[in-house]
Amino acid sequence: MHRVRRAIREHVAKHRRQPGVLVVEVPLLFENGFNQLFDQTVAVITSKKSSEQRAIQRGMSIGLYKFFSARQWSLARKAK
């Protein structure tokens, strides 16, 4: 987790002075408190079924999908 946080900070520092919006995709953004590193966050909310199907299409097994899903905030909590 520390490596991820360091990589995010380095990326932000590198692009801080450039005009425009800096977008950073962070897995488990809220669960690991990374949302505190940003001024704003955007969460893509979809149905569980759609999320599961997309993960499987990317080659993830259903077991691994369920493993990761159990460790994430609920979609309703992220939407809040």
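Details of the structure are given in the entry above.
About the criteria used
- Residues numbered from 1 in each chain as written.
- Predicted model: local features only at pLDDT ≥ 70, side-chain atom pairs only at ≥ 80, totals over all residues.
- Heavy atoms only, no water.
- Helix = DSSP H or I, 4+ residues; strand = E, 2+ residues; numbered from the N terminus.
- Buried < 20%, exposed > 50% of the residue type's maximum accessible area, 1.4 Å probe, protein only.
- Phe/Tyr/Trp six-rings, centres within 6.5 Å; stacked < 30°, edge-to-face > 60°.
- Salt bridge = Lys/Arg side-chain N within 4 Å of Asp/Glu carboxyl O.
- Core = buried A, V, L, I, M, F, W, Y, C linked by side-chain atoms within 4.5 Å.
- Contact = heavy atoms within 4.5 Å.
- Patch = residues over 30% accessible without salt bridge, like charges linked within 9 Å, V, L, I, M, F, W, Y side chains within 5 Å.
- Areas by Shrake-Rupley, 256 points an atom, 1.4 Å probe, with all protein chains shown as cover.

Enquirer: Which residues make up the overall build of the protein chain, and what values do they have?
Expert: Looking only at helices and strands, one finds 4 helices and 0 strands in the protein chain. The order of α-helices and β-strands along the protein chain, N terminus first, is α-α-α-α. With respect to the principal axes defined by its C-alpha atoms, the protein chain has extents near 40 × 25 × 20 Å. Per-residue burial over the protein chain gives 12% buried out of 80 residues.

Enquirer: If you had to explain the packing of aromatic side chains to someone new, which residues and values would you point to?
Expert: Evaluation of the coordinates by the stated rule reveals 2 aromatic pairs. Ring centres of F30 and W73 lie 5.6 Å apart, and the angle between their planes is 15°; on these two criteria the pair is classed as stacked. Taken together, the residues span a long stretch of sequence, with F30 in the loop between α1 (2-15) and α2 (48-57) and W73 in the loop between α3 (62-69) and α4 (75-79) at a distance of 43 residues. With relative accessibility at 27%, the residue W73 sits in the partly exposed group. Judged by centre distance (5.5 Å) and plane angle (70°), the ring pair of F67 and F68 falls under edge-to-face.

Enquirer: Hey, could you go over the pattern of salt bridges for me, with residue numbers and the actual values?
Expert: This model, assessed by the stated rule, comprises 2 salt bridges. Across the pair E31 and K78 runs a salt bridge whose closest N-O atoms are separated by 3.6 Å. Of this pair, E31 sits in the loop between α1 and α2 while K78 is found in helix α4, placing the two residues 47 residues apart along the sequence. Among the salt bridges present, the one from K49 reaches E52, with a minimum N-O distance of 3.9 Å. Of this pair, K49 and E52 both sit in helix α2, separated by 3 residues, roughly a single helical turn.

Enquirer: An account of the nonpolar core is needed here, citing residue identities and associated values.
Expert: Counting residues in each nonpolar core, the largest one holds 6 residues, listed as I8, V12, V26, L29, F30 and F34. Setting aside residues up to four positions removed in sequence, V12 forms contacts with L22 and F38.

Enquirer: Could you give an account of the environment of G63, with specific residues and numbers?
Expert: Here G63 lies in helix α3. Judged by its relative accessible area of 45%, G63 is partly exposed.

Enquirer: Run through a nonpolar patch on the surface, naming residues and quoting values.
Expert: A contiguous nonpolar surface patch, about 260 Å² in accessible area, is contributed by L64, F67 and F68. On the secondary structure map, F68 appears in helix α3.

Enquirer: Which residues make up the environment of V26, and what values go with them?
Expert: Looking at where V26 falls in the secondary structure, it is placed in the loop between α1 and α2. Its relative accessible area of 13% is what places V26 among the buried residues. A sequence separation of 22 residues divides V26 from V4, and the C-alpha atoms of the two residues are 8.8 Å apart. Here V26 is in contact with I8, F34 and F38, once residues within four sequence places are set aside.

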